Amino acid sequence: MKVRVAYTDSDQDMSLTEGLLNGKGIPFALFQSKRPEEIIATCQGMEVLVTQYAQMRREVFDAIPSLKLVIRSGAGVDSVDLAAAKEHGVRVCNVPDGSTLEVAEHALALLLAIARKVPLLNRRVHEGRWTYKDAVPLYRLHGATIGVIGVGRIGTAFASMAKGLGMRVLAYDRFVKTLRDDQAFMELVDLKTLLRSSDYVSVHCPLENNLNLLDRDAFALMRRHCCLVNVSRGGVVNEDALYEALSSGTLRGAAVDVATVEPIPANHRLLTLDNYICTPHVGFYSLQSADEIATKVVEEIERFLKGEPLRCVVV
């Protein structure tokens, strides 16, 4: 049977995927091709490409005329040139709901970690210091205001968790004009109002149309005791401006799961700051989400091969 499906790259345990595809009689190939030239070399003749970190640039669509479908095994599609895909008649799908709770929970973990200075205090204890004074000042989350930038699935889930902590929730989303009933606990405001009024800001918007959304001007509007959380994409936050804000005391702290360049360089100056927390883009992951994403990707492949309507089409 002709192989029509390839996974360009994956760092996940593929045993569930392999079992599901074999059970459906769908042969596939697995590569570790992330750069366009590698994808072009390995994936000739394929109709379906499933990508994790691979860069699906215009030259890939130009060079693989057999390609009909790209499935991004996650929510973000900024690694795919959507305009080029559309021009070549290639549909692009994603899995927008496979790790909603995981990312929201990770944002909550980062919020608590930066608010209570957990990494700093842990490090001090390991160094032999046992005093709460290394954490002074700390602020209560209950009653504080959190601004949520981007209130899609993840932003709304996180906002609900923050509300559960007794926080006042402000929301900004360039695509949202009115809140749904399940978002009624938030207050919809413009971006400047959110930045000026929030004790904490959490970012949940896509990179598209939001590059450098939080820059020097944005940080200048924020309260000096404000802390930033970012689990969306690194480029939404200008890292030079972030360093200046953190090192000067314009911001109290930042906790992020993403970087403009990933992995973040070991000598990056942000990593020298005690008030900067960074985790390695792990927010999407749990055992449950990995299985759910793998299953939904295989189901989408099966729908394509059977000529059925696809579930999550981006273009």
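Small disclaimer: the values here were computed from a predicted structure and weren't measured.

(A) Representation of the pattern of salt bridges in the model. Counted by the stated rule, this structure contains 20 salt bridges. The partner of R311 in a salt bridge is D97, with the nearest N and O atoms 2.3 Å apart. Linking R311 in the segment after α11 (287–305) with D97 in the loop between β5 (91–93) and α5 (100–115), this pair joins segments that are 214 residues apart in sequence. Overall, D97 belongs to the partly exposed group, its relative accessible area being 22%. Here R223 ties to D199 by a salt bridge, and the two come within 2.8 Å at their closest N and O atoms. One end of the pair, R223, is in the loop between α9 (216–221) and β10 (227–230); the other, D199, is in the loop between α8 (191–197) and β9 (200–203), and 24 residues separate them in sequence.

(B) Structural context of the sheet that holds β5. Within the open sheet, the five strands sit side by side as β2-β1-β3-β4-β5. Their pairing is parallel. The open sheet terminates on both sides in strands that have one partner only, identified here as β2 (28–30) and β5. Taking each pair of neighbouring strands and ignoring which way they run, the sheet shows an average axis angle of 20°. Pairing of strand β4 (residues 69–72) with β5, which is carried by three bridges, proceeds in the parallel orientation. Opposite L69, over in β5, you have R91 as the bridge partner. Docked against the sheet, α11 engages β1 (5–7), β3 (48–51), β4 and β5, running at close to 155° with respect to β1.

(C) Molecular detail of the sheet that holds strand β11 (residues 253–256). Ordered in space as β8-β7-β6-β9-β10-β11-β12, the seven strands form an open sheet in which the pairing is parallel. Two strands bound the open sheet, and with one partner strand each, they are β8 (187–188) and β12 (276–278). Across two bridges, the pairing between strand β7 (residues 168–172) and β8 is parallel. Looking at β8, one finds that A171 is bridged to L188.

(D) Layout of the packing of α5 against helix α7 (residues 153–164). Running from N to C, α5 and α7 cross one another at 45°; their axes reach a closest spacing of 8 Å. Compared by their axis directions, α5 and α7 come out oblique. α7 is crossed by α5, and the crossing has right-handed handedness. For the pair formed by α5 and α7, the contact residues are T100, L101, V103, A104, E105, A107, L108 and L111 on the first element and R153, I154, A157, F158 and M161 on the second. Looking at the contact of α5 with α7, its residues break down into 10 nonpolar, one polar and two charged.

Conventions adopted
- Residues numbered from 1 in each chain as written.
- Predicted model: local features only at pLDDT ≥ 70, side-chain atom pairs only at ≥ 80, totals over all residues.
- Heavy atoms only, no water.
- Salt bridge = Lys/Arg side-chain N within 4 Å of Asp/Glu carboxyl O.
- Helix = DSSP H or I, 4+ residues; strand = E, 2+ residues; numbered from the N terminus.
- Buried < 20%, exposed > 50% of the residue type's maximum accessible area, 1.4 Å probe, protein only.
- Pairing = 2+ DSSP bridges.
- Axes fitted to C-alpha atoms, helices over the stretch in contact; angles between N-to-C directions.
- Contact = heavy atoms within 4.5 Å.
- Parallel < 35°, antiparallel > 145°, perpendicular 65-115°, else oblique.
- Left-handed = near helix turned anticlockwise from the far one by under 90°.
- Nonpolar A, V, L, I, M, F, W, Y, C, P; charged D, E, K, R; others polar.

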